[in-house]
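Coordinate inspection notes
So the chains spell out like this:
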Amino acid sequence: MTAQEYEKMNGAWNAFFLDHGLSDKFSLRSEFHFRTVSFLSVWNQQIFRPSITYNTSKNIKWTVGYSYIKNFNADVTASPRVRMEHNFWEQLVYNTPVKKGLISSRLRLEHRFQENLPLQEDNALRSFDFASRIRYRLTYQRLLTPTDAKIPINFVAFDEVFMFLNPNGIPFRFNFNWTFLGLKFQLNKKMVLTSGFQKNTLKISDDLYSKTRLWINTLIFKL
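Note that the structure is predicted; figures quoted are calculated from it, not measured.

So, about the layout of surface pockets. Empty space left among the atoms is revealed by rolling a probe the size of a water molecule over them. Looking at the second largest pocket, its volume works out to about 1,200 Å³. What lines the second largest pocket is a set of 41 residues, and nearest its centre among them are Asn 44, Gln 45, Asn 71, Phe 176 and Leu 202. At 5 residues, the largest contribution of residues to the lining of the second largest pocket is made by strand E3 (residues 42–57). When the residues that make up the lining of the second largest pocket are grouped by side-chain class, the tally is 18 nonpolar, 10 polar and 13 charged.

In this structure, Gln 91 sits in strand E5 (residues 82–98). Overall, Gln 91 belongs to the buried group, its relative accessible area being 10%. Considered as a pair, Gln 91 and Thr 53 are 38 residues apart in the sequence and their alpha carbons are 9.0 Å apart.

With that out of the way, let us pick up the pairing of strand E10 (residues 191–203). The pairing of strand E9 (residues 171–186) with E10 spans 11 bridges and is antiparallel. Of the residues in E10, the one forming a bridge with Thr 179 is Lys 199. As consecutive antiparallel partners, E9 and E10 are separated by 4 residues. Two strands pair when backbone bridges link them, and E10 and strand E11 (residues 208–222) are joined in this way by 13 bridges, in the antiparallel orientation. Across the sheet, Thr 201 pairs through a bridge with Lys 211, a residue of E11. If you look at the hairpin formed by E10 and E11, you'll find 4 residues sitting between the two strands.

Structurally, Arg 112 is set in strand E6 (residues 101–115). You can call Arg 112 buried: its relative accessible area is 9%. In this structure the side chain of Arg 112 is engaged in a polar contact, spanning 2.9 Å, whose partner is the side chain of Glu 85. With sequence-adjacent residues up to four places away left out, Arg 112 is seen in contact with Glu 85, His 86, Asn 87, Asp 129, Phe 130, Ala 131, Arg 133 and Phe 164.

Taken as a whole and judged by the stated rule, the model has 9 salt bridges. The partner of Arg 49 in a salt bridge is Glu 31, with the nearest N and O atoms 3.2 Å apart. Within this pair, whereas Arg 49 is found in strand E3, its partner Glu 31 is found in strand E2 (residues 26–37), the two being separated by 18 residues in sequence. The two residues Arg 49 and Glu 31 agree in class, both being buried. Two residues, Arg 137 and Glu 160, come together in a salt bridge whose shortest N-O distance is 2.7 Å.

Let us now look at the side chain of Arg 137. Tracing the chain through its elements places Arg 137 in strand E7 (residues 128–143). In this structure Arg 137 comes out as buried when scored by relative accessible area, which is 16%. Of note is the side chain of Arg 137, whose polar atom sits 2.7 Å from the side chain of Glu 160.

With the rule as written, the count across this model stands at 13 aromatic pairs. Here the aromatic rings of Phe 88 and Phe 113 are separated by 6.2 Å at their centres, their planes lie at 85°, and the arrangement is edge-to-face. You can see Phe 88 sitting in strand E5 and its partner Phe 113 sitting in strand E6, a full 25 residues away along the chain. Residue classification places Phe 113 among the partly exposed positions, given a relative accessible area of 32%. The interplanar angle of 50° and the centroid separation of 5.0 Å between the aromatic rings of Phe 113 and Phe 130 together place this pair among those described as tilted. Here Phe 113, found in strand E6, pairs with Phe 130, found in strand E7; they are 17 residues apart in sequence, far enough to count as distant. Residue class for Phe 130 comes out partly exposed when judged on its relative accessible area of 45%. The ring of Trp 13 is capped by Arg 35, whose NZ or CZ atom sits 3.9 Å from the centre of that ring. Across from the ring centre of Phe 158, 3.8 Å away, lies the NZ or CZ of Arg 137, which sits over that ring.

Rules and cut-offs
Residues numbered from 1 in each chain as written. Predicted model: local features only at pLDDT ≥ 70, side-chain atom pairs only at ≥ 80, totals over all residues. Heavy atoms only, no water. 1 Å grid on protein atoms, 1.4 Å probe; cavity = no way out; pocket = protein on both sides within 12 Å on 5 of 7 lines; lining within 4 Å. Points joined across faces, edges and corners; volume = space filled by probe spheres on them. Helix = DSSP H or I, 4+ residues; strand = E, 2+ residues; numbered from the N terminus. Nonpolar A, V, L, I, M, F, W, Y, C, P; charged D, E, K, R; others polar. Buried < 20%, exposed > 50% of the residue type's maximum accessible area, 1.4 Å probe, protein only. Pairing = 2+ DSSP bridges. Polar contact = N/O pair within 3.5 Å; in protein donor to acceptor, adjacent residues only side chain to side chain. Contact = heavy atoms within 4.5 Å. Salt bridge = Lys/Arg side-chain N within 4 Å of Asp/Glu carboxyl O. Phe/Tyr/Trp six-rings, centres within 6.5 Å; stacked < 30°, edge-to-face > 60°. Lys NZ or Arg CZ within 6 Å of the ring centre and 35° of its normal.

Any functional reading would require information that these geometric values do not contain.
Following this line, the structure appears as structure tokens:
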């Protein structure tokens, strides 16, 4: 049996979310993600992700969205270095309140159009391939401060698994696993900051995995 090998990296992912409520049931969100490896020195991804959410009830949310993604080759001398992706997705979130906290289940189905490899310098020669992926995230939050604290702080932990789907829509191969531990700060009625550490495990081949340790910061602003 061949021993599994791991490539190890570190990085920082920073994101800004802009929320706009349309009504009691509908809301819009625009996400801007700026992801680097070698901590802050090498681009990993840039993502623009608009979406619209429908609140069926207090604890159930349905979302549809689109992601415009620029994936950067870790080799800064590569030319071309950026692989484009257009990603259409649907998502269901179910929240379960618990004492001083919340358990949240998130299921997301992604329809991905990625540039075929090898990348072409001439845009006219570039083509896209289609594939689907399913993601499941389980999140636990617990309030750490008194409920009347000026800046409420929650402990946040989640684990998310990514699986590729075959043409029949059946999960058949592991892709990613994300594990996160951090804190969420309710800065005021309009701003929430989440900061913490995340470990990503990517399956490259049967015997090769990539592990990335990340510092994550996400700021949500409500209009």
